[in-house]
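What the coordinates show
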Amino acid sequence: MRFWSWESTGNAGKSRPWEVGSGLRRGRQMMLLWIILCSSLCLMVDGQMKIPPETAQQWAVSFGKEIAALSSRYSGAKLLQKKFKDTESVVKIEEVDGEELVKKFAEEMEEMLGRKMKSVKKLAEAAEDADLYHEYNETLEFDYYNSMLINTLDEDGNPLKLGGEFPLEENEHFNKLPVNTQQSDIQVPTNVYNKDPDILNGVYMSEALNDIFIDNFQKDPTLTWQYFGSSTGFFRLYPGIQWTPDENGVVTFDCRNRNWYIQAATSPKDVIIVVDVSGSMKGLRLTIAKHTINTILDTLGENDFVNIIAYSDYVRYVEPCFEGMLVQADLDNREHFKLLIEELHVKGEGKVKKAMKESFKILNEATALGQGSLCNQAIMLITDGAMEDFQDVFEEFNWPDRRVRVFTYLIGREMTFAENVKWIACNNKGYYTHISTLADVQENVMEYLHVLSRPMVINHDHDIIWTEAYMDSVLFNSQAQSLLLMTSVAMPVFSKKKETLSHGILLGVVGTDVAVRELMRLAPRYKLGVHGYAFLNTNNGYILSHPELRPLYKEGKTLKPKPNYNSVDLSEVEWEDTEEKLRTSMVKGETGKLSLDVRSSVDKGKRVIFLKNDYFYTIINETPFSLGIVLTRGFGQYIFTGNVSVEEGLHDLLAPDLTIASEWTYCETDIDPAHRKLSQLQAVVRYLTGKEPDLECDEQLLQQTLFDAVVTAPMEAYWTALMLNASGMDEGVETAFLGTRSGLMRFQRYTGIEKRIGKNFLTSSDKANIFTMDHFPVWYRRAVEFPAGQFLYYVPRQDTRAERIIIATTAVTVTVGKKTAVAGGRKNSLLLVNMSAKLRGWWHFDSLMGQSHWAMLTV
């Protein structure tokens, strides 16, 4: 037997739902008898039975009436409709002002992000002051907590040096990772000597940050990781953790390679990479050159622009499509360049003069046209030697202003042409370095960042930067932590010592992480409606957060980030914005409104609904982010509110059949550590009973939740009475449930877990059918697009071929004055009542007739 999905619009029969049970059973027996009798009227044609259309139509009509009556009875929809009818005199229906709402959300986000920036500024000031009063000691000996060595013993059972006892305790705020909130610790990359004098002096100096870390966390308990990345390579992290190496015992993490470090250490830049592919670059030299290019590309970000030119006897672009231009150094382009670099081959004689001319032309043209980063410009020359007379190129294009810095990388052990290569860098405000092995690449490439940061250091330009969204799977081995989307705010730390001030010494970068999920909590779902949502994007057009951003894929049982997950453009998810008006306005940081007709998918893309959406957007001040919210015409435009006493509502809120959305923020439980183990329902109850009066709660959401709890309370008695009915239950009906816009749910299990087909239905693992931060339940979203008062029947999507369930769902309406809350585009507010039941053999009809519209099943 093979099942197909169907839609049904059955209306309830005329029997009272309290009395339908026995009638249903009698009706079912009569119907089966009638089917047997009718089968004798079927015609035999060519040895096959043919059922007349009239007979099939009669079956469909009878079945439609029966399933409609069954749905009405076990869901209790009519009773709930009456209860809401009785409250219409105290209910208010209000229109949602999208422009005011997006402005309010943006201000709250600005305030939250402002607290993070304030914390980072305090760290930067403390680090600079600590360095100012620290005197460098070449012979300094200092034991610090090395995160690789803490709580580890040697063969004799003694603590390792730079290790020792470092208390760790699981912390709810840090996704239950074992941390030490009283102390930071130090991570040093495997390729950096952990007792180098520069490391020891830097670690000793930065000990002063411990008190600032703790003070910041006490003043803003929503802070997550705080850190200082040193230019010498060590990484101070608060709270302290045990760092786990990879399977080879190696820690490749180097804070200087992280996007937050690079963006904070330098200004946006235009970079032309010029690589020698003449015959002398064969073998290991070419391998080193490719690795050098890839490492340079890794130091670039979304605010930078790049191109790569290869030269020998002639000049050619690595990507011909990018000839004569700069392209944004986003992840897609960087990865594309890396693939092309692998295809480079050596041949001919190296003529660097032509390549340098072409590079200067690109950069000068970009400046003249106002393109590129409009900031720093640099040429990276990678070669094993330069023999030509190239001085006239610099005289023509770069002197006397020397606006473009030239960095040179001499590849290989041969030093014959070292002076020429060094001369190029030193006479163009650049930096010369010699790379003889693959191991030299990382440290030598990073030197250019210090040179580009010098103007910032000398001028003390403490620019705060924000990164794109990312998952730091390198930093955290914990699956829960590493798969959190985060953004980082960071700030450079400079030396303020008078004797080195003119040299422009960058000490490092301080920063903190912000979980994007915590930011989006400030745009609560209940204010946006069933199809509404909020989203964030950067000034480069990339998504920071969006319901359609699905950054993970499943490999076996493991979730992994998709390639380029953090460079998804807004136009790729809001694709109905064909003219990119929305994207352009948000990238420019404008405030405005736009309406679009959209097609939205539900039930994992299985079904499509057509909506009219209003988009409201504005910039979040002091950040590169813009916020957008979407309100759907009808359900998103209006919200209804009721009012009951706390005493009355609290009584019904404690009913055993009631839950509220665990991912929503009814009360803020993350501020006080003592509250972090409370569920949202527990926090609400403690707040309303006066046991935790200091909890910060959403009063509007609590008021609506209490109202919904009171109005829906009779459903518990109704459902219980059905179970206790002496005439018994109809076989196959498993669960009755309801949900409201406040995230409240009630449900009644009619069958035990051992007999239930939908064992995971409405459990915490069944994300599609419960209220989450990202969406309303599937049955809720589908019902609001269906005529009010009629049941929608569908088979939920399942990954297995196990026996399936049918879900029946309908909307309950509210009328205020002349305004009736119905499904459609009118003023409405919705509450869903539903039931689930097994697919049973006697429900098998192949028809498109009567009250039910089926594309059912083939046998």
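Residues numbered from 1 in each chain as written. Predicted model: local features only at pLDDT ≥ 70, side-chain atom pairs only at ≥ 80, totals over all residues. Heavy atoms only, no water.

**Quick look at the sheet that holds strand 10 (residues 235–238)**
Taken together, the six strands give an open sheet; going across it, the order is 8-10-9-20-19-18, and neighbouring strands pair in antiparallel fashion. Each having just a single partner strand, strand 8 (185–187) and strand 18 (465–466) make up the two edges of the open sheet. Pairing between strand 18 and strand 19 (residues 486–494): two bridges, direction antiparallel. Counterpart to isoleucine 465 in the pairing with strand 19 is alanine 490. Packing against the sheet, helix 4 (residues 98–132) makes contact with strand 9 (226–230), strand 18, strand 19 and strand 20 (506–515), and its axis sits at approximately 30° to strand 19. (Pairing = 2+ DSSP bridges. Helix = DSSP H or I, 4+ residues; strand = E, 2+ residues; numbered from the N terminus. Contact = heavy atoms within 4.5 Å. Axes fitted to C-alpha atoms, helices over the stretch in contact; angles between N-to-C directions.)

**Description of the packing of helix 2 (residues 53–75) against helix 22 (residues 714–724)**
Between helix 2 and helix 22, the least distance of the axes is 9 Å, while the angle of their chain directions is 120°. By the criterion of interaxial angle, the relationship of helix 2 to helix 22 is oblique. Of the residues in helix 22, those touching helix 2 at Ser72, Arg73, Tyr74 and Ser75 are Met715, Tyr718, Trp719 and Leu722. Each residue belonging to the contact of helix 2 with helix 22 can be placed in one class, and the counts come to five nonpolar, two polar and one charged. (Parallel < 35°, antiparallel > 145°, perpendicular 65-115°, else oblique. Nonpolar A, V, L, I, M, F, W, Y, C, P; charged D, E, K, R; others polar.)

**Notes on the environment of glutamine 790**
Locating glutamine 790 in the fold gives a position in the loop between helix 23 (778–783) and strand 34 (792–794). On the basis of relative accessible area, glutamine 790 is assigned to the partly exposed category, the value being 23%. Sequence-wise, glutamine 790 and threonine 809 are 19 residues apart; in three dimensions their C-alpha atoms are separated by 8.2 Å. (Buried < 20%, exposed > 50% of the residue type's maximum accessible area, 1.4 Å probe, protein only.)

**Topic: the pattern of salt bridges**
Under the defined criterion, the tally for this structure stands at 28 salt bridges. Across the pair arginine 256 and aspartate 254 runs a salt bridge, and its minimum N-O distance is 2.8 Å. Overall, the relative accessible area of 4% leaves arginine 256 in the buried class. Each of Arg115, Lys116 and Asp220 takes part in a single network of salt bridges with overlapping partners. (Salt bridge = Lys/Arg side-chain N within 4 Å of Asp/Glu carboxyl O.)

**Quick word on the nonpolar core**
Counting residues in each nonpolar core, the largest one holds 163 residues, and the members touching the most others are Tyr144, Trp260, Tyr615 and Leu627. If one sorts the elements of this core by residue count, helix 4 sits on top with 13 residues. Non-local contacts of tyrosine 144, meaning those with residues more than four positions away in its chain, are made with Leu162, Gly163, Ile186, Val188, Asn194, Ile199, Leu200 and Val203. (Core = buried A, V, L, I, M, F, W, Y, C linked by side-chain atoms within 4.5 Å.)

**Focus on helix 13 (residues 441–459)**
The largest bend along helix 13 reaches roughly 40° and is located at serine 453, with the proline proline 455 sitting one to four residues downstream. Of the positions making up helix 13, those classed as buried are Val441, Asn444, Val445, Met446, Tyr448, Leu449, Val451, Leu452, Ser453, Met456 and Val457. The first or second residue beyond helix 13 is histidine 460, which carries a positive phi of 55°. (Bend = angle between axes of the 7 residues up to and from the residue.)

**Remarks on the confidence of the model for the protein**
Looking at the protein as a whole, its pLDDT mean stands at 84, while 86% of the residues score no less than 70. For residues 1–41, every residue scores under 50 in pLDDT, and the model assigns this stretch 91 contacts once sequence neighbours within four places are set aside. A low-confidence stretch, residues 478–482 (pLDDT under 50), is modelled with 14 contacts involving residues beyond four sequence positions or located in other chains. (pLDDT = per-residue confidence, 0-100.)

**Quick look at the pairing of strand 12 (residues 305–311)**
For strand 12, a buried count of seven out of seven residues is recorded, marking the element as mostly surrounded by other parts of the structure. Across the two faces of strand 12 the burial is the same, with Phe305, Asn307, Ile309 and Tyr311 and Val306, Ile308 and Ala310 all buried. Judged from the seven bridges that link them, strand 11 (residues 269–276) and strand 12 form a sheet pairing that is parallel. Note that in strand 12 the partner of valine 275 across the bridge is alanine 310. As paired strands, strand 12 and strand 14 (residues 327–328) are joined by two bridges and run antiparallel to one another. In the strand pairing of strand 14, phenylalanine 305 is matched with glutamine 328. Sheet analysis places strand 12 next to strand 13 (residues 315–317), joined by three bridges and oriented antiparallel. Paired with alanine 310 across the two strands is arginine 316, which belongs to strand 13. Between the antiparallel neighbours strand 12 and strand 13 lie three residues.

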